Structures are given as structure tokens and as C-alpha cells.
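So you can see what is in the structure, the chains are spelled out below.
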Protein chains: 2
Amino acid sequence: MDLKFLHELIIPAHSKIVMLIMDGLGGLPLEPGGKTELETAVTPNLDALAALSALGLTVPVGPGITVESGPGHLGIFGYDPLQYRIGRGVLEAVGLDLDLGPSDVAVRGNYCSVDATGAVVDRRAGRIPNDMSKELSKLLSTRVEDIEIQVETVREHRLAIVLRGPGLSADISDSDPLKNGYRPLPLRALNPDAEKMARVVNQFVDRSRQAIEAYTPKPPANMLLLRGFDSYPHFPAFPELFGVRAAAIAVYPTYRGIAKLVGMQVLPVEGSKAADEFTVLEKNWNDFDFFYLHIKETDLAGEDGDFARKVDIIEEVDTLMPRLMALNPDVIIVSGDHSTPAALKGHSWHPVPTLLYGRYVRADGIAGFGERACGRGSLGILPAKDIMPLALANALRLAKFSA
Amino acid sequence: MDLKFLHELIIPAHSKIVMLIMDGLGGLPLEPGGKTELETAVTPNLDALAALSALGLTVPVGPGITVESGPGHLGIFGYDPLQYRIGRGVLEAVGLDLDLGPSDVAVRGNYCSVDATGAVVDRRAGRIPNDMSKELSKLLSTRVEDIEIQVETVREHRLAIVLRGPGLSADISDSDPLKNGYRPLPLRALNPDAEKMARVVNQFVDRSRQAIEAYTPKPPANMLLLRGFDSYPHFPAFPELFGVRAAAIAVYPTYRGIAKLVGMQVLPVEGSKAADEFTVLEKNWNDFDFFYLHIKETDLAGEDGDFARKVDIIEEVDTLMPRLMALNPDVIIVSGDHSTPAALKGHSWHPVPTLLYGRYVRADGIAGFGERACGRGSLGILPAKDIMPLALANALRLAKFSA
């Protein structure tokens with residue numbers, strides 16, 4: 001089902017939809033036969049909601065496929081993550097809250113070490129410390145011809161670089177040879193419109209090399225590699241596509257960035273706790289039809305392999321559920337963008353427990369929210385991108401398809 | 001799986017398949033935690049059959065998508081409703097049992113009111129009464145050049161118009177401006193082959209306007225709008241496609257029409273009760289391999305919001321099941337074309353409870369036929385169009401796929 005087809009069926013309504021995303025929600029037992037993080041957590045409010053909901057397991061992209069946050073979120077937002085892609089440079093840039101305009105180009109960079117012949121000897125420059133990386137990045141931000149170039153450290157050697165100005169193009173080759181022992185490649189225009197871009201970027205790389213050389217103390221990094229030039233993705237904007245005034249409530253920049261990329265209005269959050277996000281939800285309740293509320297800590301605990309902390313955070317969110325229910329939303333989705341089992345200390349391919357609540361949902365009557373409960377639910381195992389059409393239908397925002 | 005692939009695997013057999021469609025079968029509880037219409041109905045015969053069947057929930061077009069009867073039926077007949085579409089004019093025409101040939105063109109019309117300047121002031125002509133609408137339609141049916149034009153009232157202002165004769169084309173623009181305050185548009189040929197069509201239809205519209213003007217008493221309608229020209233859809237015919245002699249048993253014209261469109265033989269039904277349809281099934285048992293038997297009243301009760309009546313009709317059908325079982329069909333499908341919950345007083349997006357019975361079905365052993373029972377069934381949640389291949393396989397009518 002493509003988005004154009006879905007868009008044509010959209011009708012206006014006054015209903016409100018809340019999509020509560022606990023990042024990396026899905027988990028695994030620590031021992032065979034044990035319970036997952038979500039199954040271990042004591043969640044009376046989510047369990048009661050589950051009893052009135054349809055349950056299922058969502059698959060972000062495909063069976064066995066582990067996703068990063070970008071495609072994970074595009075899926076739950078209703079976009080096919082294999083069709084709609086966000087370049088890594090763009091994701092890094094929006095993740096840093098850099099101001100990326102429609103004609104700007106973003107690219108991912110990293111500091112590296114080259115030897116006297118110019119060949120790369122360490123593509124990560126010994127994972128240069130954050131502080132030094134940030135100092136270098138400030139030094140390297142510059143202007144070439146009429147193009148402003150902003151260099152920002154993501155972490156250690158990893159950089160997000162944004163180019164702003166007239167006549168840019170993302171159609172140029174990378175400089176990263178992707179292997180040690182080779183010299184960085186000159187950047188080449190891949191079509192005639194990109195000649196200026198190639199000239200500017202090659203000049204920027206030369207100037208960067210000289211600037212790093214002049215810098216003391218000598219850093220482990222003495223060169224810069226670039227890959228993945230990309231411009232702002234032109235996605236059908238979420239609010240127009242689905243006919244909703246859409247707000248995003250998230251503390252972490254990456255998620256604020258992804259929401260902004262699809263056209264949601266990103267609301268400011270004072271504080272960084274889950275409770276602070278629920279306060280923003282309450283305050284803005286009357287002004288939007290769709291709320292995306294993102295909890296990051298579940299994922300961080302999973303990444304750290306901290307099973308108990310992930311359980312605690314889920315329980316904390318559960319205690320906040322009465323505040324959400326008090327707003328009386330027409331449709332509630334509780335899910336994650338992917339699984340992050342503590343047992344794996346990282347993202348995983350496991351389908352994500354998902355709950356769909358609403359007055360017209362055909363409830364399964366399963367009074368528990370967990371991986372196995374969701375595996376028995378009537379939503380079955382479904383692509384994450386199918387959640388949005390289901391939410392819209394249950395919010396009575398889709399017309400009948402006649403022919 | 002496309003139909004061509006499926007068709008190539010068809011092998012002859014003597015087995016018989018019965019597809020019993022209760023229109024709008026799927027429902028919703030009236031209260032949270034309650035039972036649906038089907039779950040409320042006392043259906044000992046369907047429950048016993050369910051115990052020997054595989055159960056599942058069928059999705060007519062896609063998650064969250066509510067369908068009209070046209071796409072709903074194409075799905076259960078094995079056609080992808082997004083690929084095979086029936087124009088609204090054609091559906092109205094076949095719904096009225098008008099004789100629509102392969103080279104005829106059908107269009108949807110409506111009576112409207114225009115002011116002295118010719119601008120439309122009411123696109124529905126105040127929902128003109130049926131009797132007056134029918135009188136006007138008789139008056140307007142005419143012949144222009146060598147083209148016969150049949151005008152039939154569907155209901156109130158709504159018309160089905162069929163054009164018959166040589167050199168017709170559906171490639172002409174609409175006259176309906178779709179908004180009040182605008183004059184009806186002249187009909188234009190969209191390609192050179194449609195010049196004659198445009199000339200004939202413009203002449204028909206002129207003549208209609210004059211005829212209505214001459215009519216007394218002055219009707220609220222004084223003009224005619226046309227939209228959605230379409231010719232008979234050229235679907236792969238069901239009997240050849242699936243290698244079955246296929247019969248349709250339905251009382252309502254729309255369903256007789258859809259069955260006819262896909263090439264089934266539509267059997268006459270004396271009386272209008274479900275029992276009368278079962279009698280037709282019995283009488284014609286030896287002459288066909290596939291029977292589509294359609295019960296309309298479940299949908300009507302749902303549309304009326306009459307939960308109890310929908311329950312009653314399901315129970316009535318249940319009492320007839322022994323007559324079906326006595327014929328000893330090889331494969332039985334019991335399903336619906338979509339859901340029509342009384343709670344929503346209309347069609348809905350909810351998956352449809354479906355039962356597949358046959359000697360070689362891997363039965364789930366769930367002795368109940370209802371939405372939640374089907375949600376636990378081994379067919380899972382499946383596209384409606386997958387039911388036909390499953391029925392054919394269980395009727396041993398599909399060869400092995402080797403390469």
C-alpha cells in the first residue's frame with residue numbers, strides 16, 4: 001500500500017492519536033525460559049491498557065534485519081524505510097540539531113592519520129579525544145568561495161559537516177578509501193552540475209590538512225576523510241500526508257531531528273525526564289492531533305547491557321500512563337523503533353511489542369504487555385509501517401475505498 | 001503471487017468448493033470487553049465446522065483500509081483489488097442488472113439544480129424523490145446518432161447511464177464541476193478516438209436539459225451531471241483463471257453484477273431468504289465446481305446499527321449449515337467481504353473472520369467461529385486474495401511448482 005493511495009483516503013476529524021515510543025523496547029530473557037525486560041517489569045497500567053487493545057509485534061524493515069534509529073523511526077511514522085532513506089550525513093547533522101536547509105548538503109566526515117606518503121594509516125585517528133576533536137572542528141569550519149562550511153564533532157573522530165550556499169550538489173564522489181594503506185581520493189563531480197561542489201570541497205580538504213598541520217600540539221589526526229554526501233531528503237511531509245497537526249516530544253537531538261525531517265513540529269522540553277515529556281504533552285494537548293512521544297533511556301540501558309535499569313525505566317513510564325489516559329486520547333500506540341535486548345548490548349532484529357488502543361479497536365482481551373503476549377495478539381506480526389494506517393483508521397481519519 | 005503464475009498451476013479435478021459470504025460479517029463488541037455479533041450468535045453448526053477447519057482473519061485491501069463491496073468481493077474472488085478496479089459507473093450499472101456488454105460504456109450521473117446563469121446551485125437537486133427521478137430517467141433515455149442511451153435511477157438523484165453502439169470510448173472528460181457555483185463542463189474527447197463519444201454525449205446532455213425543462217410539474221432538478229466514464233473491465237475470467245465451473249447465488253443485484261463481471265454464471269433465485277439461496281445451491285449442485293453464495297442481510301443489519309438483528313441473521317445461516325454439509329463439499333470457505341460492525345453503522349477496516357474447511361486442511365481444533373477465535377487461527381492475518389489459492393490447493397486443484 002503506497003503513501004499516495006493512503007493519502008487520497010485521508011479525511012478530516014477531531015480525533016487525537018498518541019504514539020508513545022520507548023526506544024529499543026523489545027528485549028530478550030537473560031536465561032533460556034526467562035522473561036524479557038518488558039515481561040519482568042511490573043506495569044499495571046500498561047497491562048490494563050493492553051486488555052482493551054489489539055496487540056502485535058512490529059517488524060521495522062524485514063525479518064532478521066536490525067535497524068538504526070533512522071529507518072526504525074521512519075517505519076513507525078508510516079514510511080517504508082527501504083524506499084525512504086536518510087543519508088548518514090544528514091542524520092548526523094539533524095542529530096546535532098544543525099540547521100539543515102533544503103538546498104544544503106551534509107556529509108559524514110572522520111579524522112584520520114596519514115603517513116609521510118599521504119597513505120591512510122588509521123581511519124579513526126586513534127579515536128581522537130572528544131575535546132581535541134571539537135577544537136579541530138572549530139578550526140576547520142570555514143568559507144570557501146561563497147560556500148559556508150560548518151564542521152561539528154559527533155563523537156571522537158566522527159564528524160558532521162554541512163555546506164551552505166548557492167550551486168551545491170550532493171553528486172560528488174567520496175574521498176574515504178575505506179581501507180588503511182591507501183591515499184584519500186580526490187573528490188570528483190559525478191555530473192557537470194557538481195563541478196563547483198567538487199572544486200569547493202577539494203579546496204576545503206586541502207585547507208583542512210594545512211590547518212591541522214599548523215595546529216599544536218600535534219594531534220593523532222592529520223587528515224580528513226569524507227563520505228556520503230547527501231541533501232535534505234524530500235519526504236512527503238507527515239502532517240500533510242496524514243492530515244494531522246503533528247507534534248514531536250523528544251529530549252534527544254537525533255529524534256527531534258528525525259521528527260523535524262518528516263515535518264512534525266518539535267516541541268521544546270524543559271528537563272530531560274519522561275515525566276517532563278508528559279508535561280509537554282499535557283500543555284500542548286489542545287493544539288495538535290498527533291503526538292509522537294519518545295523515551296530514550298530504554299535503549300541506553302539496553303545498549304549498556306543493564307537489564308535491571310531497562311526494567312526500571314519501563315516501570316517509570318508505566319507510572320506515567322494515568323496522566324496520558326486522563327487526556328482521553330482516541331488512539332494510543334505504545335511501541336518501540338526496534339529492540340535493544342540487554343542480553344545483546346545493542347540493537348537487534350527482534351520484532352517489537354506493540355499495543356494499539358482505541359474505542360473501535362477489536363481488543364484481544366490479553367491483560368499483559370510483553371513480547372509473548374504481543375505474539376498472541378490479533379495484529380499478528382506486521383511491518384512497522386502498517387501501524388500508521390491502522391491508527392488513522394481507528395481515529396476515523398480514513399475514507400472508504402470504492403474503486 | 002500473480003494470477004498468471006497461479007493459473008499455470010491449475011489442474012482439473014472433480015472437487016467442489018463452496019464460498020459462503022456473509023456480507024459485512026466482521027463486527028465489534030458494543031462495550032469494551034464484550035462480544036462481537038458473530039461471537040454473540042449461537043452457532044453450533046459453524047462452531048462444529050470451525051473445529052475441523054483452519055481459522056484466520058482476512059484483510060480485504062490493506063491494514064486500516066475500509067472497502068466498498070466491489071474491491072471487497074474482488075479480494076475474496078482472488079483478484080488484487082488495488083490492481084483490478086471496477087469503475088463506479090460500471091458497478092452502478094451491473095448493480096441495477098443493466099445489460100452491460102464489452103463495448104458499452106457506463107457512467108455515473110446525477111440530477112442537479114442550476115440557476116438562470118447555468119451555474120450549479122445544488123449538485124443533488126435536493127435529493128429529488130425516487131418516483132420523480134425514475135420518471136425523468138424514462139424521459140431521458142434516448143438515441144443519439146446510432147448510440148442507444150439508457151438512463152436508470154439508482155436512488156434519488158443518483159443515476160446509472162449506459163451507452164451502447166459502435167465507436168464508443170470511455171476516454172472523455174467529466175461534466176461534473178464537483179462544486180456548487182460552477183457551470184457544468186463541456187465533455188471533451190481525451191484522445192482522437194473519442195471525438196464521436198464526446199459529440200454524442202454533449203448532444204445527449206443538451207437534449208436532457210431541454211427535456212427536463214419541458215417537463216411539468218417543475219422538478220427541483222433541471223440539469224444532469226456526468227462523471228466517471230468507464231467500460232466493462234477486462235478481468236481474467238474466474239472460471240478459466242481457476243479452472244472451475246463457477247456459479248453465483250445472490251439475491252442483491254450488486255453482487256449478482258460483480259459475479260457476472262468476473263465471469264461466473266449467476267443463478268436465478270426464487271424468493272429472497274437465505275434458505276432460498278441454499279435451495280438453489282442444492283438444485284445446481286451437480287452442475288458446478290465452485291459456488292459463491294452471498295448473504296446480504298448481515299451487512300444491512302450492521303449498517304442499521306442493529307446488533308441483535310445481525311446476530312439473528314448469523315444464527316439463521318447457522319441453522320442452514322446442515323443442508324450445506326449434507327452436500328459433502330470438498331472445501332468450504334465461510335467469510336465476509338469486509339466488516340460492518342453495528343457499533344460503527346457502516347463498513348469498517350477490521351479483518352474478517354474466515355474459516356477454511358476441507359479434508360486436507362490442517363485444522364486448528366478451535367471449536368468456535370468468531371473474531372477472537374479466528375485471531376488465534378493458523379491462517380493468521382492474511383490478504384483476502386490469498387483465500388482462493390488456499391481453497392484451490394485444498395480442493396487438490398493446484399499442481400506442484402517445480403521451477
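Computed from a predicted structure; not experimentally measured.

Observations concerning the overall build of chain A
The helix and strand tally for chain A stands at 14 helices and 14 strands. Taking 22 Å as the expected radius of gyration for a compact globule of 403 residues, we find that chain A reaches 23 Å, a close match to that expectation. With respect to the principal axes defined by its C-alpha atoms, chain A has extents near 70 × 50 × 40 Å. Taken across its 403 residues, chain A has 58% of its residues classed as buried. The long-range share in chain A, meaning contacts at least 24 apart out of those at least 6 apart in sequence, stands at 73%. As displayed, chain A has an accessible area near 16400 Å², and 51% of this comes from carbon and sulfur atoms.

Side note on the sheet that holds strand β10 (residues 265-266) of chain B
The sheet built from eight strands is open, its strands ordered β10-β9-β11-β1-β12-β13-β2-β14 (chain B) with mixed pairing. Edge positions in the sheet fall to β10 and β14 (380-383) of chain B, since each has one partner strand and no second.

Digging into the environment of B:F77
Residues and elements named next belong to chain B. Inspection of the secondary structure puts F77 in the loop between α4 (69-76) and α5 (88-95). Taking the relative accessible area as the measure of exposure, F77 reaches 0% and is therefore buried. Spatially, the C-alpha atoms of F77 and A384 are 8.3 Å apart, while their sequence positions differ by 307 residues. Setting aside residues no more than four positions away along its own chain, F77 makes contact with M19, F238, F242, I258, A259, V262, M264, Y292 and M388.

A word on unusual backbone geometry
Despite not being glycine, A:A125 has its phi angle at roughly 50 degrees, a positive value. By relative accessible area, A:A125 is classed as buried at 0%. A positive phi angle is found at B:L178, which is not glycine, with a value near 70 degrees. For B:L178, the position within the fold is in the loop between β7 (158-164) and α7 (195-214). The exposure class assigned to B:L178 is exposed, which follows from its relative accessible area of 55%.

Re the packing of aromatic side chains
Applying the stated criterion across every chain, the model contains 20 aromatic pairs over all chains. Measuring from centroid to centroid gives 4.9 Å for A:F238 and A:F242, while their planes differ by 80 degrees, and the two rings are edge-to-face. One end of the pair is A:F238 and the other is A:F242, both in helix α8 (residues 238-242) and four residues apart, which spans about a single turn. Since its relative accessible area comes to 0%, A:F238 is described here as buried. On the basis of relative accessible area, A:F242 is assigned to the buried category, the value being 1%. Seen in terms of ring centroids, B:Y84 and B:F235 are 5.3 Å apart; in terms of plane orientation they differ by 75 degrees. Their pairing is edge-to-face.

Re the side chain of B:K296
Residue and element names in this part refer to chain B. Counting through the fold element by element, K296 comes out in the loop between β11 (290-295) and α11 (297-303). Judged by relative accessible area, K296 falls into the buried class, the value being 10%. Within the structure, K296 has its side chain in polar contact with the side chain of Y255 (distance 2.7 Å). A polar atom in the side chain of K296 sits 3.0 Å from the side chain of D299. The contacts of K296, once residues within four sequence positions are left out, are D23, Y252 and Y255.

Some words on the pattern of salt bridges
Residue and element names in this part refer to chain B. Under the definition given, this model contains 40 salt bridges over all chains. Ionic pairing is found between E92 and R158, a salt bridge with its closest N-O pair at 2.8 Å. Here E92 is found in helix α5, whereas its partner R158 is found in strand β7, with 66 residues between them in sequence. The partner of R199 in a salt bridge is E145, with the nearest N and O atoms 2.8 Å apart. Remark: E145 occurs in the loop between β5 (142-144) and β6 (147-155) and R199 occurs in helix α7; sequence separation between them is 54 residues.

Digging into the sheet that holds strand β1 (residues 17-22) of chain A
Residue and element names in this part refer to chain A. With respect to topology, eight strands assemble into an open sheet ordered β10-β9-β11-β1-β12-β13-β2-β14, the strand pairing being mixed. At either margin of the open sheet sits one strand with a lone partner, and together these are β10 (265-266) and β14 (380-383). Bridge count for strand β2 (residues 53-59) against strand β13 (residues 352-358) is six bridges, and the pairing is antiparallel. Its bridge partner being in β13, L57 is matched across the sheet by P353. On top of the sheet, helix α12 (residues 307-326) reaches β1, β11 (290-295), β12 (331-335) and β13; it is set at about 170 degrees to β1, its chief contact.

Thoughts on the interface of chain B and chain A
Across the boundary between the two partners, chain B contributes 29 residues, which contact 25 residues of chain A. Carbon and sulfur atoms make up 68% of the surface buried where chain B meets chain A, a total of about 2100 Å² over both sides. Three residues, B:P63, B:I65 and B:W349, lead the burial of chain B against chain A; their summed loss comes to 26% of the area buried on that side. Run the count over chain B and chain A and you get one salt bridge. The closest approach of N and O atoms between A:K400 and B:E68, which form a salt bridge, is 3.6 Å. Here chain B and chain A share six residue pairs in polar contact (both at pLDDT 80 or more) between them.

Things to note about the pairing of β6(B)
Residues and elements named next belong to chain B. Pairing of β5 with β6, which is carried by three bridges, proceeds in the antiparallel orientation. Its bridge partner lying in β6, R143 is registered against E148. Between the antiparallel neighbours β5 and β6 lie two residues, among them E145 with a positive phi of about 55 degrees. One ladder, built from seven bridges, connects β6 with β7; its direction is antiparallel. Within β7, the position partnered with E148 by the bridge is R164. The antiparallel hairpin formed by β6 and β7 contains two residues in its connecting segment, where E156 sits at a positive phi of about 50 degrees.

Quick look at the relation of the copies chain B and chain A
The two copies are related by a screw operation: chain B maps onto chain A through 123 degrees of rotation and 0.2 Å of translation along the axis, at an RMSD of 0.3 Å. On the angle and the small slide along the axis, the relation comes out as a three-fold axis.

Here's the deal with the confidence of the model for chain A
For chain A, per-residue confidence averages 94 on the pLDDT scale, and 100% of positions sit at 70 or higher. As scored by the predictor, the complex reaches a pTM of 0.87 and an ipTM of 0.86.

Remarks on the pairing of β11(A)
All names here are of chain A. Among the six residues that make up β11, six are buried, leaving the element largely enclosed by the rest of the structure. Judged by which residues are buried, β11 turns out to be covered on both faces: F290, Y292 and H294 on one side and F291, L293 and I295 on the other are all buried. Pairing geometry for β1 and β11, over six bridges, is parallel. Note that in β11 the partner of V18 across the bridge is F291. The pairing of strand β9 (residues 246-249) with β11 spans four bridges and is parallel. Bridge pairing in β11 links I249 to L293.

Digging into the packing of α5(B) against helix α9 (residues 253-261) of chain B
All names here are of chain B. Remark: α5 packs on α9, axes separated minimally by 7 Å, with the N-to-C direction vectors making an angle of 115 degrees. Between α5 and α9, the angle falls in the class roughly perpendicular. Here α5 runs over α9; the crossing is right-handed. Between α5 and α9, the residues in contact are V90, L91, V94 and G95 and P253, T254, G257, I258 and L261, respectively. Of the residues assigned to the contact of α5 with α9, the class counts are six nonpolar, three polar and no charged.

Rules behind the numbers
Residues numbered from 1 in each chain as written. Chains lettered and ligands numbered in written order. Predicted model: local features only at pLDDT ≥ 70, side-chain atom pairs only at ≥ 80, totals over all residues. Heavy atoms only, no water. Helix = DSSP H or I, 4+ residues; strand = E, 2+ residues; numbered from the N terminus. Rg over C-alpha atoms; globule rule 2.2 N^0.38 Å. Buried < 20%, exposed > 50% of the residue type's maximum accessible area, 1.4 Å probe, protein only. Contact = heavy atoms within 4.5 Å. Areas by Shrake-Rupley, 256 points an atom, 1.4 Å probe, with all protein chains shown as cover. Pairing = 2+ DSSP bridges. Phe/Tyr/Trp six-rings, centres within 6.5 Å; stacked < 30°, edge-to-face > 60°. Polar contact = N/O pair within 3.5 Å; in protein donor to acceptor, adjacent residues only side chain to side chain. Salt bridge = Lys/Arg side-chain N within 4 Å of Asp/Glu carboxyl O. Axes fitted to C-alpha atoms, helices over the stretch in contact; angles between N-to-C directions. Buried area = accessible area lost by both parts, 1.4 Å probe. Least-squares fit on C-alpha atoms with pLDDT ≥ 70 in both. pLDDT = per-residue confidence, 0-100. Parallel < 35°, antiparallel > 145°, perpendicular 65-115°, else oblique. Left-handed = near helix turned anticlockwise from the far one by under 90°. Nonpolar A, V, L, I, M, F, W, Y, C, P; charged D, E, K, R; others polar.

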